[in-house]
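Coordinates in review
Here's the letter readout for the chains.
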Amino acid sequence: MKKFSKARLEEALTAYLLLSPYLGVLVVFTFFSIIYAFYLSFHSYDLLSAPIHVGLRNYRTLLWDPDFRMAIKNTCIYTVWVVGLQTALALLIAVILDQKLKGKPFFRAAFYFPSVTCSVVISLIFMWMFSKLGMINYVLSLVKEAPLLGWVPDDLDWLRDKRFALQSIMSLNIWTTSGTFMVIFLAGLQSIPETVYEAARIDGAHPFRVFWKITLPLLRPTIFFVVVMGMIGCFQVFDQIYVMTNGGPLKSTLTVVYLIYSYAFRDFSMGYACAGAFLLFAVIFTATSLARKFLDVEPEY
Amino acid sequence: MKKNQALKYLLYLVLISIALLTMAPFLVSVSASLKPAEKALEWPPNLIPSPFTLDNYAKVWQVSPFFPKWLVNSVFLAIVHVICQLLFCSMAGYAFARLSFPGKKLLFLATLGSMMIPAQATMISNYAIANSLGWVNTFYAVIVPGAAGAFGIFLMTQFFKGIPRELEEAAHIDGCSRLLIFWRIILPLATPALGALAIFSFQGSWNGFMWPLIVLNTPENFTLPLGLNYFRSEYATDWALVLAGSMFNSVPIILIFLFFQRYFIKGIATTGLK
Amino acid sequence: MVPEGNGAKTGANHPHLTSPLKGEGLSSHPHLTSMPLCLFLAVVVVFSLSFFSIGCKPGGARSSDTVLRISGWTSSPAEETLLMECIKEFAEKHPNLDVRYEPITGDYFPKIVIQLASGTAPDVFYLDSKVAQYLMAKGVLLPMDPFLKGSPEMAEFIPSLERAFSWNGLVYGIPKDFNTYALYYNKRIFDEAGIPYPNGTWSWEQLRETAKGLTDTRDRRRLRYGLSLAEDLPHWLPFALQNRARILNPEGTACVLNSSQAVEALTFYGDLKLKDQSACLPSEVGGNWPGDAFAKGYSAMVLEGAWLELYVKKSFPSLSYGVCEIPKGPKGDRANLVFTVAYVIPKKSKHPRDAWDLIRHLTSLDIQKKILHSGMALPSRSALQKDPYFLEHPTSMAHMAGASYGQPYQFGPGGRKMDDIMGAAVQEVFLSVKSPQQALDDAVSQINRWLLP
């Protein structure tokens, strides 16, 4: 018995030894950090002097802060459009690729590669393309020549125009992430057993009907997953905004994370920014837990 | 049958046009980076750079005193990040997959939970922590918080669980200690998982922007993405130069992607994430 | 994309798929490495140590000299060269010091705050009046009073500038230079219209009527407006002050810039464009800032600081223009803004004495004179107000005069967001989204939040 428990002890010690670097990071930079952030959200803190307790003031003012409201509005518009379009596009490409077509690896790589590239680089490339003398306006000026398309604008300064700046960044995001989700859809499609389709084929069902009645329902968990992941990604959009527009023009591209960043690191209103971050956290946490609940992905233990 | 054939061509057409659309921005920027500065915004834009020049690539190195430093910083941080991730995540993953110890379930749940905390919720307090440790504007602040993470641990745990126990048990009976088993039997078996993790960690570090932006403040400490953003603000009008600089960041990662595509695609399909 | 502490990649597992990696590695044979355990541990140790040795410390090797760091921003290469010269002069007199100039690019103030918070701030740095009160009230700057006692020559600065860097009776900064607004006018446009040049005694009405008379927008290719305005706080604020509006309440706890006087002033300012159509925004005519639109000939007049003179000298040397003091308010009040920058020392500086000597050198009469004669900035020393330079350069006189009745551009310790928020309010008025009253009310309630501790 004693030997057994000694072995157990040894095993436990080994385990903790192996875990120790990770635990250090987890405890300090995740758990302590989140508690500290929560604590700060009830304080006024600017790095230069000790935090002052202000109760719920940060949260209260935040809810009435016009900039924060603007940021939420922009972020929601952004999320709805980006998630909607990228999910549809990703699904479309995945379904096409899932047909027995040649060159699948090539296409898959071609669609996926934007998402391995750095967001800053993509932002720079798009900034250049969206500039007044850039590629986008050039392509539009060609399109304009076509009959009935004379109304197409081709001399916009996209990122400095408050009507189009956010849309321009949306297009960038869709371009970047559709490929990622396409790969997930493709995996989802391939996990649907062939026998399901065979049965339908014997019945002589039309391919669109098969897609609508069989593929889509079976793919529902994947779609749900893609939508939730897409939403989370959109809530967190920052890099593109920081590089391309700094929230402008006229706050038309001000998003929640960008606002939190600038409250924290431009205005040094750390507590206030933490309150904003916590509201964002609540939203994302809810989204992720919902995703987990619906999908039941926790590894068995 | 004929209808089917037509449909097939239509599908190819759709695929090819979308593929062109996805690759176009990158291709045109490569082409622009090979043009003389004043041609980067020429109208109409020429796809084939003429005159063709590599000047921008040479100029990038001379124009900013920091550019080589950024590249070195990025490479250094990526390597350290990859090594830390491989080592610490496989260590933790092994403990979770094979060893039994008190608090295991709780820790695993905690790891799960930590994945639900967005980086933005902790970035401010992490900055404050880094500040009180005196790490602001040093590489510690970039390296340490990212030294191990839930994603890598899951990847490794899952993989280790798939390895038959018999292999270890034999060694265990031979009197090998757990650490030795881990090092000599398990790790060599885990090469595919380690490879995937290495690639994902490299990508994360190489492309990382927000956290380095927060903790690194002076140009000599910047990583390449920060440097490129800084570069753009300094040489806003010289797009050919900015795009040439960007290639130093994107070409390596795209090459890695092309070589190790399998890992990327599979990793993403498993985890649902890049 | 999904959350994790460090922003690296994370994952949630996908429902349908088993691990694709499973089985891949298993086909390879378990080649047992001969590497002993100690090697493994050694690797761990080496990497933990490497954190503490490699490349983590910026700055590099130190010489045995005392390192004195000075930071600022660069507004022009010429200015930087001049500063470097002055620093070099100082360094030659103090061979024991290794003086390093570390200019900060990008967002200056946030970077300074970060350095102050981490205790790595330079020993001497520029501080703009706008944010000075915030840092002074925080107690992170070194009061200079003990040093001032021993250097009587350091007390001879223009009072409104000194005021900008005093807090609770202590002095925290020595002003290096300053700027105020003056009215610039394009002589050619006035001559063509046959209207007499403005002078320093103008009232609002005269400004308004003249602007109307000078506006000519019939030819779309040759637009000309009476004035060019900016949608920001500093260009509008002088009008509010001339109308006796107050910015903060006497206790400094609340913004009162939505008083009837302020609303009147904003209405006047907005009407110049909205009602009279005699003013333009720079963006409408292809200018980057009001002075730019003026220099390009789109507007006959503009309110700008002396920086416009430098810009014109460099980019539009043939422009013939005059400068006078800005108009008086409806009740004859004079008001102006003083933009000033000081040298300050952080409380945590390890070499306050040397830092003080450097500041004393950089703000000495000699160097101030040199800067004045280079035409780069207006000197902060009162002794130079009557320098012969002004006889040769009467245009600078108007700016100099502004200092006597101007008030520093600053709004208390919590006022650093004032110009963002108020700027947005002015913008809303120009876009006719809100009435001046509504815009100011909204801005004030937003500002009040930042005024709280």
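Residues numbered from 1 in each chain as written. Chains lettered and ligands numbered in written order. Predicted model: local features only at pLDDT ≥ 70, side-chain atom pairs only at ≥ 80, totals over all residues.

1. Considerations on the overall build of chain B
Helix and strand counts for chain B come out as 14 helices and 0 strands. Helices (α) and strands (β) of chain B occur, in sequence order from the N terminus, as α-α-α-α-α-α-α-α-α-α-α-α-α-α. Relative to the globule expectation of 19 Å for 274 residues, the C-alpha radius of gyration of chain B, 23 Å, shows a markedly less compact shape. Projected onto its principal axes, the C-alpha coordinates of chain B cover approximately 75 × 70 × 35 Å. In chain B, which comprises 274 residues, the share counted as buried stands at 54%. For chain B, restricting intrachain contacts to residue pairs at least 6 apart in sequence, the fraction spanning at least 24 positions comes to 75%. (Helix = DSSP H or I, 4+ residues; strand = E, 2+ residues; numbered from the N terminus. Rg over C-alpha atoms; globule rule 2.2 N^0.38 Å. Buried ≥ 20, exposed ≤ 12 C-beta atoms within 10 Å, placed from the backbone. Contact = placed C-beta atoms within 7 Å.)

2. Some remarks on the pairing of strand β8 (residues 225-228) of chain C
Residue and element names in this part refer to chain C. With 3 bridges joining them, β8 and strand β10 (residues 299-304) adopt parallel strand pairing. Residue Leu227 lies in a different strand from β10, and its bridge partner there is Met301. Across 2 bridges, the pairing between β8 and strand β9 (residues 279-280) is parallel. Across the sheet, residue Leu227 finds its bridge partner in β9, namely Ala279. (Pairing = 2+ DSSP bridges.)

3. Observations concerning helix α4 (residues 104-114) of chain B
Residue and element names in this part refer to chain B. When we look at burial in α4, the residues that qualify are Leu107, Thr111 and Ser114. Seen from one end, α4 has its buried residues packed into an arc of 65 degrees, which puts them on one side. Opposite its buried face, α4 presents the exposed residues Lys105, Leu106 and Leu109, each directed more than 90 degrees away. (Arc of directions from axis to C-beta.)

4. Brief notes about the nonpolar core
Membership of the largest hydrophobic core comes to 299 residues, with the highest contact counts inside it found for B:Ala92 and B:Ile124. Counting contributing residues, this core receives three or more from each of domain 1 (66-179 + 341-408) and domain 2 (182-338 + 413-451) of chain C. Excluding anything up to four places from it in sequence, B:Ala92 contacts A:Leu18, A:Leu19, A:Tyr22, B:Ala148 and B:Ile153. (Core = buried A, V, L, I, M, F, W, Y, C linked by C-beta atoms within 7 Å. Domains from an automatic or database assignment.)

5. Concerning the domain arrangement of chain C
Residue and element names in this part refer to chain C. What the domain assignment reports for chain C is domain 1 (66-179 + 341-408) and domain 2 (182-338 + 413-451). For domain 1 versus domain 2, the separation of C-alpha centres amounts to 28 Å. At 8 residues, helix α17 (residues 394-405) tops the list of elements feeding residues into the side of domain 1 that touches domain 2. Class assignment for the residues of the side of domain 1 that touches domain 2 results in 12 nonpolar, 9 polar and 1 charged. (Nonpolar A, V, L, I, M, F, W, Y, C, P; charged D, E, K, R; others polar.)

6. Re the pairing of strand β1 (residues 66-71) of chain C
Residue and element names in this part refer to chain C. Taken together, the 5 bridges between β1 and strand β2 (residues 97-101) define a ladder with parallel strand orientation. When the sheet's bridge partners are listed, Leu68 is paired in β2 with Val99. With helix α2 (residues 77-93) bridging β1 and its parallel neighbour β2, the resulting β-α-β unit is right-handed. With 2 bridges joining them, β1 and strand β3 (residues 124-128) adopt parallel strand pairing. Across the sheet, Ile70 pairs through a bridge with Val124, a residue of β3. (Right-handed = clockwise from strand over helix to strand, strands pointing away.)

7. Some words on the interface of chain A and chain B
Contacts between the two partners involve 79 residues from chain A and, on the opposite side, 74 residues from chain B. Element by element, the count of residues in the side of chain A that touches chain B is highest for helix α1 (residues 2-40) of chain A, at 19 residues. For the side of chain A that touches chain B, the per-class residue count stands at 61 nonpolar, 14 polar and 4 charged.

8. Focus: helix α10 (residues 220-235) of chain A
Structurally, the α-helix is built with 3.6 residues per turn, so residues lying three or four positions apart point the same way. The terminal C-alpha atoms of α10(A) lie 22 Å apart, and with 16 residues this matches the ideal 22 Å at 1.5 Å per residue to within 8%. Of the positions making up α10(A), those classed as buried are A:Thr222, A:Phe225, A:Val226, A:Val228, A:Met229, A:Gly230, A:Ile232, A:Gly233, A:Cys234 and A:Phe235. (Expected span 1.5 Å × (residues − 1).)

9. With respect to the sheet that holds β10(C)
All names here are of chain C. Spatially, β9-β8-β10-β7-β11 is the arrangement adopted by the 5 strands of the open sheet, whose pairing is mixed. Both outer strands of the open sheet, β9 and β11 (321-324), are each paired with one neighbouring strand and no more. Bridge count for strand β7 (residues 182-186) against β11 is 4 bridges, and the pairing is antiparallel. Looking at β11, one finds that Tyr184 is bridged to Val323. Contacts from helix α8 (residues 204-214) reach β8, β9 and β10, with the element oriented near 125 degrees to β8. (Axes fitted to C-alpha atoms, helices over the stretch in contact; angles between N-to-C directions.)

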